[in-house]
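A structural walkthrough
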Amino acid sequence: MNETTRTLTFAGIAAVALVAAYITDRASQPVQLTGYENVGKEFYPDFTDPTQAKSLRVVSYNEDLATLKVFNVEYKDGFWIIPSHHDYPADAEDELAETATSLVGVVRGALESRRKSDHERFGVIDPLDDSNTNLKGRGQRLTLSKEGGAPLVDFIVGKKVPEQSDQYYVRKVDEDAVYRTKLNVDLSSEFSDWIEPDILKVDRDRLVEILISHYSIDEAQQKIVYESDKREENVTVLTRKNSTTPWEMQGLDTATQKLNTADVNQLVNTLTDLKLQGIRPKSGDLAAGLKKSGSLKPKTQLDLFDLQSKGFVLARGPQGTPQLASNEGEVVLATNEGVVYSLYFGEIFTGSTLDIEVGNSNEKQDDSKSGDSKPAEKKESENGNDSALKTSRYLLVTASFDPSFLGDPPQKPEAPEKPAGLKEKPDADKKEADKKETKADETPTPEAAYENAMKAYQSQLKTYERKLKEYDDKVVKGSELAQELNERFANWYYVISANSFEALKLKRKALVEPIEKTEGDPAKPGAATPPAGKPASPPTVNKPEPAPAKKPAPTKPAVKKPESATPEKEADAAKKPAAEKPASKPEGPPKAAPTPEKPEKTPEN
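What this report covers is the structure whose coordinates are included nearby. Since the model is a prediction, treat every value here as computed from it, not as a measurement.

**Topic: the overall build of the protein**
A tally of helices and strands in the protein yields 13 helices and 24 strands. Per-residue burial for the protein yields a buried fraction of 34% across its 605 residues. For the protein, restricting intrachain contacts to residue pairs at least 6 apart in sequence, the fraction spanning at least 24 positions comes to 69%. Element-wise, carbon and sulfur atoms account for 51% of the exposed surface of the protein, whose accessible area totals about 38,400 Å².

**Describing the sheet that holds strand E7 (residues 151-160)**
Spatially, the 9 strands line up as an open sheet ordered E4-E3-E2-E1-E6-E7-E8-E9-E5, and their pairing is antiparallel. Unpaired on one side and paired on the other, strand E4 (88-89) and strand E5 (111-113) mark the two borders of the sheet. By the bridge criterion, 3 bridges tie strand E2 (residues 67-76) to strand E3 (residues 79-82) in an arrangement that is antiparallel. Along E3, the bridge assignment pairs lysine 76 with phenylalanine 79. Sitting on the sheet, helix H2 (residues 93-102) is in contact with strand E1 (53-62), E3 and strand E6 (140-146), with an inclination near 80° to E1.

**Describing unusual backbone geometry**
A positive phi angle is found at glutamate 163, which is not glycine, with a value near 65°. Counting through the fold element by element, glutamate 163 comes out in the loop between E7 and strand E8 (167-172). One non-glycine residue, lysine 201, lies in positive phi territory at about 55°. Inspection of the secondary structure assignment puts lysine 201 in the loop between strand E9 (178-182) and strand E10 (207-213).

**Some points on the packing of aromatic side chains**
Given two aromatic rings, one states the distance between the centres and the angle between the planes to describe the pair. Taken as a whole, this structure holds 13 aromatic pairs when the rule is applied. Judged by centre distance (4.9 Å) and plane angle (65°), the ring pair of tyrosine 88 and tryptophan 492 falls under edge-to-face. With tyrosine 88 in strand E4 and tryptophan 492 in strand E23 (residues 492-497), the pair connects residues that are 404 residues apart, well separated along the chain. Per residue, the accessibility class of tyrosine 88 equals that of tryptophan 492, and both read buried. Each ring, one from phenylalanine 349 and one from tyrosine 394, has its centre 4.8 Å from the other, and the planes form 25°; the classification is stacked. Of the two residues, phenylalanine 349 is situated in strand E20 (residues 339-351) and tyrosine 394 in strand E22 (residues 390-401); the sequence distance between them amounts to 45 residues. What makes phenylalanine 349 buried here is its relative accessible area of 0%. Among the aromatic residues, those joined into a ring-pair cluster are Phe43, Tyr44, Phe155 and Tyr179. Here lysine 54 stacks its cationic end above the ring of tyrosine 75, 5.2 Å away from the centre of that ring.

What counts, and at which threshold
- Residues numbered from 1 in each chain as written.
- Predicted model: local features only at pLDDT ≥ 70, side-chain atom pairs only at ≥ 80, totals over all residues.
- Heavy atoms only, no water.
- Helix = DSSP H or I, 4+ residues; strand = E, 2+ residues; numbered from the N terminus.
- Buried < 20%, exposed > 50% of the residue type's maximum accessible area, 1.4 Å probe, protein only.
- Contact = heavy atoms within 4.5 Å.
- Areas by Shrake-Rupley, 256 points an atom, 1.4 Å probe, with all protein chains shown as cover.
- Pairing = 2+ DSSP bridges.
- Axes fitted to C-alpha atoms, helices over the stretch in contact; angles between N-to-C directions.
- Phe/Tyr/Trp six-rings, centres within 6.5 Å; stacked < 30°, edge-to-face > 60°.
- Lys NZ or Arg CZ within 6 Å of the ring centre and 35° of its normal.

As structure tokens, this is what we get:
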């Protein structure tokens with residue numbers, strides 16, 4: 001073997017040894033596990049400004065009903081709306097800002113799994129993933145987006161970590177790794193948490209009248225049918241002057257009846273705290289008409305069908321004039337701002353929470369027109385969970401302005417009549433006359449009386465002008481408020497609970513209770529009658545006899561006074577007989593008054 005061959009052989013052996021050593025070294029290295037390198041890092045490090053968030057979407061899955069619920073709020077055309085709920089206005093700015101702030105800087109905690117097969121166990125399956133057939137283990141998908149739709153945050157939030165109240169299993173939508181993550185977000189997908197739930201927003205202290213009208217609709221004849229021929233049994237009217245005076249009922253027999261104040265207070269509480277549970281949009285023409293005129297005037301068959309589908313119709317009243325009516329009557333309330341709210345109660349229906357909020361094809365109409373909600377309540381109690389069918393009713397609200405509820409407008413005072421022949425005095429003479437004082441017993445001249453009347457008139461005129469401006473301001477404010485309310489009410493049919501309806505549709509007899517009669521009180525019907533021959537009321541025992549009328553003091557004849565008598569001594573002498581007058585109730589016979597023939601001696605005598 002020559003030198004060249006030997007060299008090549010050694011080089012080959014060295015190369016093989018080097019490769020073997022490299023392979024051995026690599027084989028002895030630990031396996032690199034993906035996912036662990038992200039522990040302690042933020043999910044979305046670029047999301048630092050919560051004000052960028054202009055929309056929020058929450059998607060959840062109900063395993064019991066196998067239904068998907070999508071809730072989202074969005075800032076659009078200068079307003080916050082809820083696209084998932086017919087673009088209903090949302091009170092979302094503060095809520096969304098708080099949610100967005102809580103999601104800035106969310107950090108990955110401990111890694112729980114890197115396998116997709118574990119997603120069901122941790123409850124982080126994407127609820128929008130149609131390719132996954134698992135019905136269990138779906139989480140809640142939370143997406144924050146900036147204007148234009150680009151996502152800022154997109155999480156799948158799963159189950160809570162056991163024994164950790166603020167930690168959840170979380171993963172990014174585009175990752176399989178599941179982490180323990182600390183979340184401090186009070187996120188709700190409940191419709192009522194993102195809106196103003198108070199439908200009327202009326203101050204109870206401003207209420208001055210409540211009118212409850214009891215009637216039904218003869219749909220075949222399109223006619224309003226009242227329950228009785230007596231108006232007081234068909235219409236219950238409660239009034240009061242202001243918040244400090246008690247409620248009164250028109251037509252109440254105050255001798256035998258009184259108001260049931262507990263039920264009246266409950267009625268007022270329900271009106272001032274009437275909660276919205278769901279909404280349905282009105283047709284465009286109906287909404288536009290209400291915004292413009294404050295009244296609903298259907299113009300097309302579509303408008304009529306839209307109303308009738310919810311239990312509202314144009315029916316003939318007692319005078320034969322078509323008017324808006326509803327299946328279960330109406331309630332009208334007025335405030336001291338002049339705003340009149342008209343509440344029309346339509347069809348009753350049953351459904352799940354989602355049915356109530358937005359309606360769907362499974363919405364079930366109740367065939368009963370009587371307002372009986374017992375069948376639906378039975379279904380709810382049998383199910384016993386959130387998926388139970390609940391009873392609700394459609395409500396239509398309009399607003400108008402009536403200045404009569406502002407009180408009487410101020411009356412302009414009348415100027416005094418100028419006496420005939422009275423000439424206008426120069427300013428200098430007027431000033432001079434003003435300086436003169438009229439004596440108390442001196443009758444003012446016609447000129448002075450007229451000037452005094454003019455001064456009073458000018459003062460009254462200023463007061464009138466001030467009160468008139470206040471009244472006119474109230475008229476403007478009340479009209480604007482009614483228009484503002486109609487713009488809010490115009491687009492929607494509301495859904496309220498059946499319990500609220502029952503509390504509002506109280507019959508007259510439920511608001512009245514009899515006055516308890518006291519036995520023996522003759523002033524009240526049914527009281528005991530005294531026996532014949534005896535007075536209606538017994539005489540007062542031991543009543544003292546009235547004191548005899550006081551005799552006038554005898555007139556003293558004129559007595560010639562001594563020359564030496566002084567006024568001071570005369571006064572002293574006059575006081576002495578008064579000191580000897582008898583008491584008003586003497587115990588013995590009254591003493592004789594001193595006579596003028598024997599005047600009491602004085603030192604002068």
